[in-house]
Structures are given as structure tokens and as C-alpha cells.
Amino acid sequence: MVKTRGPGLYEITDRVQGIVSVIGSTEGICTVFVRHTSASLTIQENADPSARRDLEEWLQRLVPEHDPLYTHTDEGPDDMPSHIKAALTSTSLTIPLVDGRLGLGTWQGVFLWEHRAAPKVRQLLVHVG
Amino acid sequence: MVKTRGPGLYEITDRVQGIVSVIGSTEGICTVFVRHTSASLTIQENADPSARRDLEEWLQRLVPEHDPLYTHTDEGPDDMPSHIKAALTSTSLTIPLVDGRLGLGTWQGVFLWEHRAAPKVRQLLVHVG
Amino acid sequence: MVKTRGPGLYEITDRVQGIVSVIGSTEGICTVFVRHTSASLTIQENADPSARRDLEEWLQRLVPEHDPLYTHTDEGPDDMPSHIKAALTSTSLTIPLVDGRLGLGTWQGVFLWEHRAAPKVRQLLVHVG
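Just so it is clear, the model here is predicted, and its values are computed rather than measured.

Peer 1: When you look at the interface of chain B and chain C in this model, what are you seeing that I'm missing?
Peer 2: Many analyses report the size of an interface as the accessible area lost when the parts associate. On the chain C side, the residues contacting the 21 residues of chain B number 26 residues. Secondary-structure elements contributing two or more residues to the side of chain B that touches chain C are strand E3 (29-34), helix H3 (79-88), strand E5 (92-98) and strand E9 (124-128) of chain B. When residues in the side of chain B that touches chain C are grouped by element, the largest group, five residues, is from H3 of chain B. Tallied by class, residues from the side of chain B that touches chain C come to eight nonpolar, twelve polar and one charged.

Set out below in C-alpha cells:
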């Protein structure tokens, strides 16, 4: 479970690596799955926070609130944009293990991408096999 | 195989769950793969159909037909937009199992996303392991 | 490792199939993972190169360089667009095997999608299991 406080990228690399370490597999695939349709997952640069901010701002501009196209508005102005953003990004990630660790590149981190404005508790499934 | 009758989201949750149930695994990963480049897969809200309609309309507007940029037009005005839409969404989904069922959240459904206008028969691969 | 010479799609289907063949599994999942946040992976039409060119041109137009929104500009004008393009496409692909081969459809090929302008050597992980 990941608690979020508004839109943006929340790094979960260490938590996912922690689960991999506890399970103790040296080889295989780690699958991360988010059980929501208004949040998503991404692997992005974990070095410079400005890259993540620009990413968030760019997606906000591509999929703004209050678009007259939306008819699904009962759950608030940020709900339909959240579904669209989730569809354009990823509900699951699959990461090969290398020597018992996530086989990420030097600059890669794993992030939950929150699209809703209100605080949320997001459920993830992490499978190693 | 999924028969489609024009653009939009076609729910396949029950069919995928049915395959999972027949195989009888209680734990593991279900992978769904679409064998086409002008249709894709998504996990989206399965409660209110207006969310799926807005999603379809929004993507149609982002990737319209008859864009002067397109040079790949021999297969009809909806062909190149279909490839772009497929690239922006997903060719495969990976869903962890929980107690022998797809580990979907309360509001999540699995959908084939058809991007072509003509009726099609779409081939999927479903793997449980 | 894949050497790239500027933006575009580089087909890697034969190389991935070669790894699958060497491992010799007849059944399972092939996972391809790119260890970078400014390149990505996609499954697209491998017949007509004009489809891939249009796809590249369309994404270049959607995510142009020199957008005043960007603050993450230290690594060059093509860096932030590359991260956004990677987020909109895929860092990993999962492809079921059919009779020891990638279960691709007739027109599907596997591609590394380079988003940076300078020549790069891109690292991939390929897992079969």
C-alpha cells in the first residue's frame, strides 16, 4: 500500500527491492501491478526531480481538467483525466531480476504515478517468480 | 478470439478469468497478449460506461484520421491512427493471481481496445504460469 | 545491446527470437526490458516502413523539443522529450511463446524505440521462463 497526497510520482523502488530480497529469488521476473484505474506505474529517471516534475506537468497539460469532451464527471474534475492518464501509462511493470536484484539501469527508479488530487491509499500487488 | 464491430473497448474480464479458472493455478501471473498492431489492451473502470466512451473519444481526438502528417495511408484513413493508438496503449497485460483469480481491483476490468472501423476478429494469447 | 544512431524504431525481433531459440523453451513468457529512461520498446507493424516513420513523426510532434514547459534541460533539448516519450510507450514487453517461438501476429515485430539524437548503446534484458 502506498499513501499518496496528490498528483505526481512516488518512488517505490526500495520497497519493491525489499520484497524481492525477502523472497530471495536470484533469477526470474518481478511483476508490479496497481489495483486502480486512476493511478498507474512507470519506470523513470530517479536522479533529478525536475525530470519527474516536467513529466507530471506535461501530462497535466495534455489531459487537462474541465475538458468539454468529458461526460464522466460525477466523481470530480480530476477523475476522467485520471483514467486517461492511466490508459496512456502502465497498470503493470515486469522487471527481470539480475543476481537477486531488480535489473534496473543506473538511472531507473520504479514509481507509482498518482493522478487524483485527494489523498489516497493505493494497493499494489508485487509478484516474484 | 474477440469479434469487434468498430472502435471502442470490449470487456474480456470474464473470458480471461474463465481461462484462469480452467487452468486452476492459485498463484502466478496471467499474461494477455494481442496479436495485432491496430488493436490493444487496457485495464480500465468497468462500472460506468461513460468513462470508456470518454476515453475512446479523447483518444480519437488526440489521434484523428486524415492528419496530413500520415504517409502510410494505403490501408484506409483509420489505419495509421490505429497503429499510433496501439503504441500509446498496451500490447500485453500482466496480472498477478490472488487465490486463483485475477488480482484486479474492485473497479478494474480487462478490455480489448479496437482501433479499426471495420469488423475484425482479433486473436489473443492468454498464458497462466 | 543495441547500437542506435538517432531517433526511430530499430527492429530486434530476430535477436530476441534467437535468444528464445537458444534457451529452447517451448512454452512460457519472453520478457524484454530496456534499462534506460530515454528509450523504450514497442511491438509494431514490421511490413511497411512508412508506418514506423509516421509513428516517429507523430510522437515527435506531440512531444517537441524546446517546449517552454521543460525545466529539466541540462542534458540537451532532446532529453526531456525522451523521458516523456518513454513514459507514453513501454519499458518492458511480455510475449507468450507458441511452440518455442515468440507468439507474435503475422505483422508484428519487436522494436527498440530510440528517443535521443546522439548515437547510443542501449542495454536490454531478455528473460525466458
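Still more ground to cover, so stick around.
Peer 1: What am I meant to see in the pairing of strand E4 (residues 39-45) of chain B here?
Peer 2: Remark: a regular strand shows side chains that alternate across the two faces of the sheet. All names here are of chain B. The buried fraction of E4 is high, at seven of seven residues. Inspection of the sheet shows E4 paired to strand E7 (residues 108-114) by seven bridges, in the antiparallel sense. From the neighbouring strand, Ile43 faces E7, where its bridge partner is Val110.

Peer 1: Can you help me understand the packing of helix H3 (residues 79-88) of chain A against helix H2 (residues 49-62) of chain B in this one?
Peer 2: Describing two packed helices takes the angle between their axes plus the distance from one axis to the other. As a packed pair, H3 of chain A and H2 of chain B sit with axes 10 Å apart at the nearest point and diverge in direction by 60°. When the axes of H3 of chain A and H2 of chain B are compared, the pair comes out oblique. In the packing of H3 of chain A onto H2 of chain B, the handedness of the crossing is right-handed. Of H2 of chain B, the residues touching H3 of chain A (which contributes Met80, His83, Ile84 and Ala87 of chain A) are Ala51, Asp54, Leu55 and Trp58 of chain B.

Peer 1: What's the story with the relation of the copies chain B and chain C in this structure? I'm lost.
Peer 2: Between the two copies of the chain lies a relationship made up of a rotation around an axis and a movement along it. Superposition record for chain B on chain C: RMSD 0.0 Å, screw rotation 120°, translation along axis 0.0 Å. Within this description, the copies of the chain are treated as partners about a three-fold rotation axis. Among all C-alpha atoms of chain B, that of Leu88 of chain B lies closest to the rotation axis, at 3.4 Å. A low fraction, 10%, of the interface residues of chain B reappear at the interface in chain C, so the copies pair through non-equivalent surfaces.

Peer 1: Is there a simple way to explain the interface of chain A and chain C in this structure?
Peer 2: Facing the 26 residues of chain A at the interface are 21 residues of chain C. Breaking the side of chain A that touches chain C down by element, the ones donating at least two residues are strand E4 (39-45), helix H2 (49-62) and strand E5 (92-98) of chain A. Looking at the side of chain A that touches chain C element by element, the count peaks at eight residues for H2 of chain A. Its residues assigned to classes, the side of chain A that touches chain C comprises eleven nonpolar, nine polar and six charged.

Peer 1: I'm lost on the sheet that holds strand E5 (residues 92-98) of chain C in this one. Help?
Peer 2: Within a beta sheet, neighbouring strands are joined by backbone hydrogen bonds and run either parallel or antiparallel to one another. Residue and element names in this part refer to chain C. Strand order across the open sheet formed by four strands is E6-E5-E3-E9, with antiparallel pairing between neighbours. One side of each edge strand has no neighbouring strand; the edge strands of this open sheet are strand E6 (101-102) and strand E9 (124-128). Two strands pair when backbone bridges link them, and E5 and E6 are joined in this way by two bridges, in the antiparallel orientation. Paired with Leu97 across the bridge in E6 is Leu102.

Peer 1: Is there a simple way to explain the environment of His83 of chain B in this structure?
Peer 2: Counting through the fold element by element, His83 of chain B comes out in helix H3. In sequence terms His83 of chain B and Ile23 of chain B are 60 residues apart; their C-alpha atoms lie 33 Å from each other. With residues near it in sequence (within four places) discarded, His83 of chain B still touches Thr37 and Ser38 of chain B together with Gln44, Glu45, Ala51 and Leu55 of chain C.

The rules behind these values
- Residues numbered from 1 in each chain as written.
- Chains lettered and ligands numbered in written order.
- Predicted model: local features only at pLDDT ≥ 70, side-chain atom pairs only at ≥ 80, totals over all residues.
- Contact = placed C-beta atoms within 7 Å.
- Helix = DSSP H or I, 4+ residues; strand = E, 2+ residues; numbered from the N terminus.
- Nonpolar A, V, L, I, M, F, W, Y, C, P; charged D, E, K, R; others polar.
- Buried ≥ 20, exposed ≤ 12 C-beta atoms within 10 Å, placed from the backbone.
- Pairing = 2+ DSSP bridges.
- Axes fitted to C-alpha atoms, helices over the stretch in contact; angles between N-to-C directions.
- Parallel < 35°, antiparallel > 145°, perpendicular 65-115°, else oblique.
- Left-handed = near helix turned anticlockwise from the far one by under 90°.
- Least-squares fit on C-alpha atoms with pLDDT ≥ 70 in both.

Coordinates in, geometry out; function isn't part of it.
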